[in-house]
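# Chains, contacts and geometry: an overview
Here are the chains, one letter per residue:
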Amino acid sequence: RNCFVIPVSDSREGWGDMLRESLIISGTGGGVGINFSPVRPNGSEIKGTGGHATGPVSLMRMDDGVGLELVAGGGRRMAKMSCLDIDHPDVMEFLNSKLEDGKLSTTNISVTINFDPTEFVALIKEDKDIEFSWNGRKTGEVIKAKTVWDMIVKNAWNNGEPGVLNAFYA
């Protein structure tokens, strides 16, 4: 079988395109990998609508629903991978997204280290912060790198996920 990495953009149309591609690929037996980092954080203002974004984890649940429906229809178990950058403002929600039984059950999750991994290790060792960013812009919010790392390790120990991907390109 083939595996595909598909993009997602931060718009309703982008979400629809991603879900359509995921449905078609999954329905024909292909695996699907998606980095949801381009999706604006949960609670972000959506200009022009007066609304607020539901964030990447909600979109992951929608994609997982595609997999659940295909399996329920007699298809094989889906092969899906959802990723989120370690400095995305929704990373803690993401890391805890599979702790509830039945949530993201057709999907594996991995956090991506999107900057020099030696810097990340130094942040942990020196008890320093990761500054959250989205779409190349710092948000001003921070979290201890060790807090994020401890959650990754705890959740991986308890249920085998998340994985960690090196997405840094020197």
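Everything below is about the structure printed above this text.
Positions within a chain are numbered from 1, following the residues in the order the chain's sequence is written. Reporting in this predicted model follows two pLDDT cut-offs: at least 70 for local features of residues, and 80 or more for side-chain atom pairs to be given and counted; totals over whole chains, interfaces and linings ignore these cut-offs and use all residues. Where side-chain values are given, they derive from all heavy atoms of the structure, hydrogens and water being excluded.

### Quick word on the overall build of the protein chain
- Starting at the N terminus, helices and strands are each numbered in turn, a helix being any DSSP run of H or I of at least four residues and a strand any DSSP run of E of at least two. Along the backbone of the protein chain there are five helices and nine strands.
- Listing every helix and strand of the protein chain by position from the N terminus yields β-α-β-β-β-α-β-α-β-α-β-β-α-β.
- Burial classification: accessible surface area is computed with a 1.4 Å probe over protein chains only, and a residue below 20% of its type maximum counts as buried, one above 50% as exposed, and the rest as partly exposed. Taken across its 170 residues, the protein chain has 41% of its residues classed as buried.
- It only takes one pair of heavy atoms within 4.5 Å for two residues to be counted as in contact. Pairs at least 24 apart in sequence give 64% of the contacts found in the protein chain among residues at least 6 apart.
- Put simply, the protein chain has 18 plus and 23 minus side-chain charges, and the middle of one group is 3 Å from the middle of the other. Counting rule for charge: Lys and Arg are taken as positive, Asp and Glu as negative, and neither His nor the chain ends is counted. In plain terms, the charge of a residue is placed at NZ if it is Lys, CZ if Arg, CG if Asp and CD if Glu.

### Here's the deal with helix 4 (residues 117-125)
- If you check which residues of helix 4 are buried, you get Phe120, Leu123 and Ile124. The buried residues of helix 4 occupy one face: seen down the axis, they fall within an arc of 100°. Away from the buried face of helix 4 by more than 90 degrees, exposed residues Thr118 and Lys125 are located.
- Looking at the residues trailing helix 4, positive phi occurs at Asp127, about 55°. By construction, the arc corresponds to the directions joining the helix axis to the C-beta atoms.

### Section: the side chain of Lys80
- Along the polypeptide, Lys80 turns up in strand 5 (residues 80-85).
- A polar contact of 2.7 Å, which involves the side chain of Lys80, links it to the side chain of Ser22.
- Excluding its chain neighbours within four sequence positions, the residues that come into contact with Lys80 are Ser22, Ser26, Val32, Asp63, Val66, Gly67, Thr106, Thr107 and Asn108. In protein, a polar contact requires one atom able to donate a hydrogen and another able to accept it; more generally it is a pair of N or O atoms within 3.5 Å, and residues adjacent in sequence count only if both atoms are side-chain atoms.

### Comments concerning the layout of surface pockets
- Its volume calculated, the largest pocket comes out at about 250 Å³.
- Site definitions follow a grid-based scheme: protein atoms alone, a 1 Å grid, a 1.4 Å probe that fits but cannot get out for cavities, and for pockets an open set with protein on both sides within 12 Å along at least five of seven lines, plus lining residues having an atom within 4 Å of a point. What lines the largest pocket is Asp10, Ser11, Arg12, Trp15, Val39, Arg40, Ile46, His52, Ala53, Thr54 and Gly55.
- Taken together, the residues of the lining of the largest pocket sort by class into four nonpolar, four polar and three charged. Grid points are joined across faces, edges and corners, and a volume is the space filled by probe spheres set on the points. Three classes are used: nonpolar for Ala, Val, Leu, Ile, Met, Phe, Trp, Tyr, Cys and Pro, charged for Asp, Glu, Lys and Arg, and polar for all others, with Gly counted as polar.

### As for unusual backbone geometry
- The step from Glu161 to Pro162 runs through a cis peptide bond, and the omega angle for that step is 15°.
- The backbone of Leu104 shows a phi angle near 50°, a positive value even though the residue is not glycine.
- On the secondary structure map, Leu104 appears in the loop between helix 3 (91-95) and strand 6 (107-113).
- Exposure remark for Leu104: the relative accessible area of 2% places this residue in the buried category.
- Positive phi, close to 55°, is recorded for Asn135, a residue that is not glycine.
- By secondary structure assignment, the location of Asn135 is in the loop between strand 7 (129-134) and strand 8 (137-144).

### Quick word on the sheet that holds strand 6
- Should DSSP find at least two bridges between two strands, the strands are taken to pair. Read from one edge of the open sheet, five strands run 1-2-5-6-9, paired in parallel fashion. Every interior strand has two partners, whereas the edge strands, strand 1 (3-5) and strand 9 (163-166), have only one. Pairwise comparison of adjacent strand axes, ignoring direction, gives a mean angle of 25° for this sheet.
- Across four bridges, strand 2 (residues 31-35) lies against strand 5 in parallel orientation. Among the inter-strand pairings, Gly33 is bridged to a residue of strand 5, identified as Met81.
- Helix axes are fitted to C-alpha atoms over the stretch in contact, other axes to C-alpha atoms as well, and angles between N-to-C directions run from 0 to 180 degrees. Contacting strand 1, strand 2 and strand 5, helix 1 (residues 12-27) runs over the sheet at an angle of about 155° to strand 2.

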